[in-house]
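# Working through the structure, step by step
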Amino acid sequence: MKSVVIKQPNELVIEERELPKPAKGEVRVKIKLAGICGSDSHIYRGHNPFAKYPRVIGHEFFGVIDAVGEDVDSSRIGERVSVDPVISCGHCYPCSVGRPNVCTSLTVLGVHRDGGFSQYATVPSANAYTIPDEISDEFAVMIEPFTIAANATGQLHPTEHDVALIYGAGPMGLTSLQALKGVYKVKQVIVVDRIDERLNMAQLSGADRIINNSNLALKDELDKCNIKPTLIIDAACHPSILQEAITIASPAARILIMGFSSDPCQITQQGITSKELSVFSSRLNANKFPIVIDWLKKKLIDPQKLITHQFDYTNVAEAIETFEKDQKSCCKVLLTF
């Protein structure tokens, strides 16, 4: 089989590997589609501190089960499945309180263990979620990105009366936007970005107001409109954003950050306590695949609005470069296998 392998930072090869055999409790998936994420680019460029090399990248993938290991019912062969990349122990403290995404022995497919940019991959049977016939292949491969939004919004408990603001109109921001509008029916969602084309994508996904903050002070712009966000999601992931979010937030607001930067973030404690703000963080997803599958069945979200490019896996280097450099027209890039 062919696999996309990052041998070391900035060295990508398509390598011939032996067809893997599923171990006990595992299934083998013949990959059909995989999505490119920022973390794949970070591993490729050597900016992911968790990755070990060489590594088959890819944690957003969909395919068909073609073999099963011991203790897995053979009736699963032929199932269309989307794979949750989060593998957890099930018994540590985070797992015991329903947060396997921060398991103390966390393994993520495509990061700590070989992932889905390959013609075949073996994964735990429990991580391979059956996809109903009414959900297309292209939508099935988009489930994992939407679980990021499900994890984030699930912590915030949005209501239709919230005034929500999202920093960033990339994939994380747009999936969060669709969740807020389509699932939680939030009546006012504002999206902030510095690229007009991405803001246009936000409008297509339901944003009620868009703001390009390249050349303006966001606080001043919101003050002009008498807007005090009650719910803020930082999907732009820059260390400077948290303090601004604290400043512009309504009293009693909720703020969620997704960033992984190791740079210091300077905030004023008084700004948090004086308004009694709640600050959340979100990583990966905690068993959110069934939730997103249900969203798709009910047509509450529309992944098609995020898919902008498709490449054959043999052109993976070009696909990643497009994802990295074409910020104006590129949102979600899919690889076909």
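Everything below is about the structure printed above this text.
Residues numbered from 1 in each chain as written. Predicted model: local features only at pLDDT ≥ 70, side-chain atom pairs only at ≥ 80, totals over all residues. Heavy atoms only, no water.

Once that is clear, we can look at the overall build of the protein. The secondary structure content of the protein amounts to eleven helices and 18 strands. Here the C-alpha radius of gyration of the protein, 20 Å, is about what a compact globule of 337 residues would show, namely 20 Å. Across its three principal directions, the C-alpha atoms of the protein cover 60 × 40 × 40 Å. The long-range share in the protein, meaning contacts at least 24 apart out of those at least 6 apart in sequence, stands at 71%. Carbon and sulfur atoms provide 49% of the accessible area of the protein, an area that totals close to 14900 Å². Taking the average place of the 35 positive charges on the side chains of the protein and the average place of its 39 negative ones, the gap between the two points comes to 3 Å. (Helix = DSSP H or I, 4+ residues; strand = E, 2+ residues; numbered from the N terminus. Rg over C-alpha atoms; globule rule 2.2 N^0.38 Å. Contact = heavy atoms within 4.5 Å. Areas by Shrake-Rupley, 256 points an atom, 1.4 Å probe, with all protein chains shown as cover. Lys, Arg positive; Asp, Glu negative; His and termini not counted. Charge placed at Lys NZ, Arg CZ, Asp CG, Glu CD.)

This next bit is on the packing of aromatic side chains. Applying the stated criterion across every chain, the model contains three aromatic pairs. Look at Tyr129 and Phe289: their rings are 5.3 Å apart centre to centre, the planes differ by 20°, and that puts the pair in the stacked class. One end of the pair, Tyr129, is in strand β10 (residues 128-130); the other, Phe289, is in helix α10 (residues 289-297), and 160 residues separate them in sequence. Arranged with centres 4.9 Å apart and planes meeting at 10°, the rings of Tyr313 and Phe337 form a pair that is stacked. Note that Tyr313 is positioned in the loop between β17 (307-312) and α11 (316-325) and Phe337 in the segment after β18 (332-336), a separation of 24 residues in sequence. Assessed through its relative accessible area of 11%, Tyr313 is described here as buried. Against the face of Tyr44 rests Arg45, its NZ or CZ located 4.1 Å from the ring centre. The ring of Phe50 carries the charged tip of Arg283 above its face, separated from the ring centre by 5.1 Å. (Phe/Tyr/Trp six-rings, centres within 6.5 Å; stacked < 30°, edge-to-face > 60°. Buried < 20%, exposed > 50% of the residue type's maximum accessible area, 1.4 Å probe, protein only. Lys NZ or Arg CZ within 6 Å of the ring centre and 35° of its normal.)

So, on to the pairing of strand β13 (residues 209-212). Examined bridge by bridge, strand β12 (residues 188-193) and β13 share four bridges and lie parallel to one another. When the sheet's bridge partners are listed, Asp193 is paired in β13 with Asn212. Traced from β12 through helix α6 (residues 196-204) to β13, the parallel crossover comes out right-handed. (Pairing = 2+ DSSP bridges. Right-handed = clockwise from strand over helix to strand, strands pointing away.)

The strand order across the open sheet built from six strands is β13-β12-β11-β14-β15-β16, with neighbouring strands paired in parallel fashion. The open sheet has two edge strands, β13 and β16 (278-281), and neither has a second partner. Ignoring strand direction, the axes of neighbouring strands in this sheet form an average angle of 15°. As paired strands, strand β11 (residues 163-167) and strand β14 (residues 231-234) are joined by four bridges and run parallel to one another. Within the sheet, the bridge partner assigned to Ile166 lies in β14 and is Ile233. Where helix α8 (residues 241-248) meets the sheet, its contacts fall on β11, β14, β15 (254-257) and β16, and the angle it forms with β11 comes to roughly 165°. (Axes fitted to C-alpha atoms, helices over the stretch in contact; angles between N-to-C directions.)

Let's shift gears to the side chain of Gln178. You can see Gln178 is positioned in helix α5 (residues 171-183). Note on Gln178: relative accessible area 4%, which makes it buried.

Attention now moves to the sheet that holds strand β2 (residues 11-16). As summarised here, the arrangement of the three strands in space is β2-β1-β4, forming an open sheet in which the pairing is antiparallel. Among the strands making up the open sheet, the edge pair consists of β2 and β4 (55-56). As judged from the two bridges shared by strand β1 (residues 2-8) and β4, these two strands associate in the antiparallel manner. Following the sheet pairing, Ile6 is matched in β4 by Arg55.

This paragraph deals with helix α1 (residues 38-45). Within α1, six of the eight residues are buried, which leaves the element mostly enclosed by the surrounding structure. Those residues of α1 not exposed but buried are Gly38, Ser39, Asp40, Ser41, Ile43 and Tyr44. Close packing links the buried residues of α1 with β1, β2, β3 (26-36) and α11. Just downstream of α1, Gly46 is the residue with a positive phi angle, here 85°.

Next up on the list: the side chain of Asn213. Along the chain, Asn213 turns up in the loop between β13 and α7 (218-224). Residues within four places of Asn213 in sequence aside, it is in contact with Val192, Asp193 and Arg194.

Our next topic: the pattern of salt bridges. Applying the stated criterion across every chain, the model contains 20 salt bridges. The salt bridge involving Lys32 is made with Asp137; its shortest N-O contact spans 3.0 Å. Taken together, the residues span a long stretch of sequence, with Lys32 in strand β3 and Asp137 in helix α3 (residues 137-140) at a distance of 105 residues. Here Lys224 and Glu221 are joined by a salt bridge, their closest N and O atoms 3.7 Å apart. Of this pair, Lys224 and Glu221 both sit in helix α7, three residues apart, which is roughly one turn of the helix. Three or more residues are tied together by salt bridges with common partners; here these are Lys7, Glu15, Arg17, Arg55 and Asp114. (Salt bridge = Lys/Arg side-chain N within 4 Å of Asp/Glu carboxyl O.)

Next up on the list: the packing of α1 against α11. Close contact between α1 and α11 brings their axes to 10 Å; oriented N to C, the two are set at 110°. The angle between α1 and α11 places the two elements in the roughly perpendicular class. By crossing handedness, the relation of α1 to α11 is classed as left-handed. From α1, Gly38, Ser41, Tyr44 and Arg45 reach across to α11, where they touch Ile320, Phe323 and Glu324. Here the residues of the contact of α1 with α11 are counted per class, giving three nonpolar, two polar and two charged. (Parallel < 35°, antiparallel > 145°, perpendicular 65-115°, else oblique. Left-handed = near helix turned anticlockwise from the far one by under 90°. Nonpolar A, V, L, I, M, F, W, Y, C, P; charged D, E, K, R; others polar.)

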